[in-house]
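Structural overview
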Amino acid sequence: MSVVRRALTVALLPLGNRVVTIRSGPLTGARMELDLAHEKSFWNGSYEPDVVEIVSRFDLGGKRVWDVGAHAGYFSLLFARRGAEVVAFEANPHNAARLRSNVARNAAAVSVVEAAVNAEAGVVAFKLVPGRRRAQSSISAEGNTRVKAVTLDDELDRLGMPYFVKMDIEGAELPALRAAPRLLAAKPILLVEVHRGRRQRAATAELLSEAGYTVEWVGWRILATT
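In this report, the structure presented in the accompanying data block is examined. (Residues numbered from 1 in each chain as written. Predicted model: local features only at pLDDT ≥ 70, side-chain atom pairs only at ≥ 80, totals over all residues. Heavy atoms only, no water.)

Attention now moves to the sheet that holds strand 13 (residues 221-225). Taking strand neighbours across the sheet as the criterion, the 7 strands line up as 5-4-3-10-11-13-12 in an open arrangement whose pairing is mixed. In this open sheet, the two strands that pair with only one neighbour each are strand 5 (110-113) and strand 12 (214-218). Neighbour-to-neighbour, the strand axes of the sheet open up by a mean angle of 15 degrees, direction not taken into account. Looking at chain direction, strand 12 and strand 13 are connected through 5 bridges and run antiparallel. Note that in strand 13 the partner of Val 218 across the bridge is Arg 221. (Pairing = 2+ DSSP bridges. Helix = DSSP H or I, 4+ residues; strand = E, 2+ residues; numbered from the N terminus. Axes fitted to C-alpha atoms, helices over the stretch in contact; angles between N-to-C directions.)

Close approach of charged atoms allows side chains with opposite charge to pair. Enumeration over the complete set of coordinates arrives at 10 salt bridges. One salt bridge in this structure joins Arg 64 and Glu 85, with 3.7 Å as the shortest N-O distance. Taken together, the positions of Arg 64 in strand 3 (residues 64-68) and Glu 85 in strand 4 (residues 85-89) put the pair 21 residues apart, joining distant regions of the chain. The partly exposed category is assigned to Glu 85, whose relative accessible area is 42%. A salt bridge links Arg 221 to Glu 193, with the shortest nitrogen-to-oxygen separation between them at 3.5 Å. One end of the pair, Arg 221, is in strand 13; the other, Glu 193, is in strand 11 (residues 189-193), and 28 residues separate them in sequence. (Salt bridge = Lys/Arg side-chain N within 4 Å of Asp/Glu carboxyl O. Buried < 20%, exposed > 50% of the residue type's maximum accessible area, 1.4 Å probe, protein only.)

Structure (structure tokens):
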């Protein structure tokens, strides 16, 4: 699709959130509250095909999966559709509300933890980004709100060990993993989106390699297996 046609398509889509039926892709038939002007790829099934392909490699039936940075719940619902018992972590309060609605709308086996995953538990400054960049909301010293924060290792005591962890928390991945030695020692499969450049990519890969993982790069994501 040309740039002009894409711009016209977006311009003609309704603004604001509405409940729609996913029309194609791995979540075909699911009902989600989406902002189609900015989240059309959820609706048409073209969202992050690399992640969809990776998820398809593993048998998640009856397994515990953590979706760390769940956004509106696209992958949480996909994990649940694959038969997993899902815990979805989401710090942005607006997205967390949508996530809960989308989970309930689909009667999915997903528990929602409204908290940022961080190097330390407590309360952190969090920057809410509006509009089409809302998925880039993140922990930031320049945050315009404050949210609860948890650590991965602390959540093990409450939730039990996951089999698979998908993590996309806008630059907080490396400090969150450094603060989770028990999780890394248990070797769940990790799919980690790495932000903030070459240095952070190298440091994240080194951390996981030193923990005994085999590291595979898929675009800007790390798939860590044993």
